[in-house]
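Listed below, chain by chain, are the residues.
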Amino acid sequence: MKLLDIILLSLAVAFLIIGIHQTMTLGIGQAYWALMLTSVLFFVIVLRKKKR
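Structure report, in brief. (Residues numbered from 1 in each chain as written. Predicted model: local features only at pLDDT ≥ 70, side-chain atom pairs only at ≥ 80, totals over all residues. Heavy atoms only, no water.)

Describing a nonpolar patch on the surface
The grouping of Met-1, Ile-6, Leu-9, Val-13, Leu-16, Ile-17, Ile-20, Met-24 and Phe-42 at the surface amounts to a nonpolar patch, some 810 Å² of accessible area in total. Per element, the largest residue contribution to the nonpolar patch is seven residues, and it comes from helix α1 (residues 3-25). With respect to the helices and strands, Ile-17 occurs in helix α1. Residue Ile-17 is classed as exposed on the basis of its relative accessible area of 54%. (Patch = residues over 30% accessible without salt bridge, like charges linked within 9 Å, V, L, I, M, F, W, Y side chains within 5 Å. Areas by Shrake-Rupley, 256 points an atom, 1.4 Å probe, with all protein chains shown as cover. Salt bridge = Lys/Arg side-chain N within 4 Å of Asp/Glu carboxyl O. Helix = DSSP H or I, 4+ residues; strand = E, 2+ residues; numbered from the N terminus. Buried < 20%, exposed > 50% of the residue type's maximum accessible area, 1.4 Å probe, protein only.)

Comments concerning α1
Look at α1: 33 Å from first C-alpha to last across 23 residues, which is about the 33 Å you get at 1.5 Å a residue. Among all positions in α1, only Asp-5, Leu-8, Ala-12, Gly-19 and Gln-22 are buried. Here the buried face of α1 lies against α2 (28-51). At the C-terminal side of α1, Gly-27 shows a positive phi close to 115°. (Expected span 1.5 Å × (residues − 1). Contact = heavy atoms within 4.5 Å.)

So, the packing of aromatic side chains
For the structure shown, the criterion picks out one aromatic pair. Both rings, one in Phe-15 and one in Trp-33, keep their centres 6.0 Å apart while their planes meet at 80°; by these two values the pair is edge-to-face. Highlighted residues: Phe-15 in helix α1 and Trp-33 in helix α2, separated in sequence by 18 residues. (Phe/Tyr/Trp six-rings, centres within 6.5 Å; stacked < 30°, edge-to-face > 60°.)

Quick notes on the pattern of salt bridges
Tallied over the full model, the rule gives two salt bridges. Taking the shortest distance from any N to any O, the salt bridge between Arg-48 and Asp-5 comes out at 2.6 Å. With Arg-48 in helix α2 and Asp-5 in helix α1, this residue pair connects regions lying 43 residues apart in the sequence. Judged by its relative accessible area of 27%, Arg-48 is partly exposed. Where Arg-52 meets Asp-5, a salt bridge forms, and the shortest distance between an N and an O atom there is 2.2 Å. Here Arg-52, found in the segment after α2, pairs with Asp-5, found in helix α1; they are 47 residues apart in sequence, far enough to count as distant. For Arg-52, a relative accessible area of 56% gives the class exposed. Via salt bridges that share partners, Asp-5, Arg-48 and Arg-52 belong to a single interconnected network.

So this is what it looks like as structure tokens:
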């Protein structure tokens, strides 16, 4: 894994944790942005791996 892949994965995990916390405290409506950002980051990681 390259440095950019590690950074993207770390950001995705961080936003997933934020999304889970906000879902438990505020509800899914308030956590939607964090969960969607997580899915976009995971999608970018998968695309980068397939490109190689």
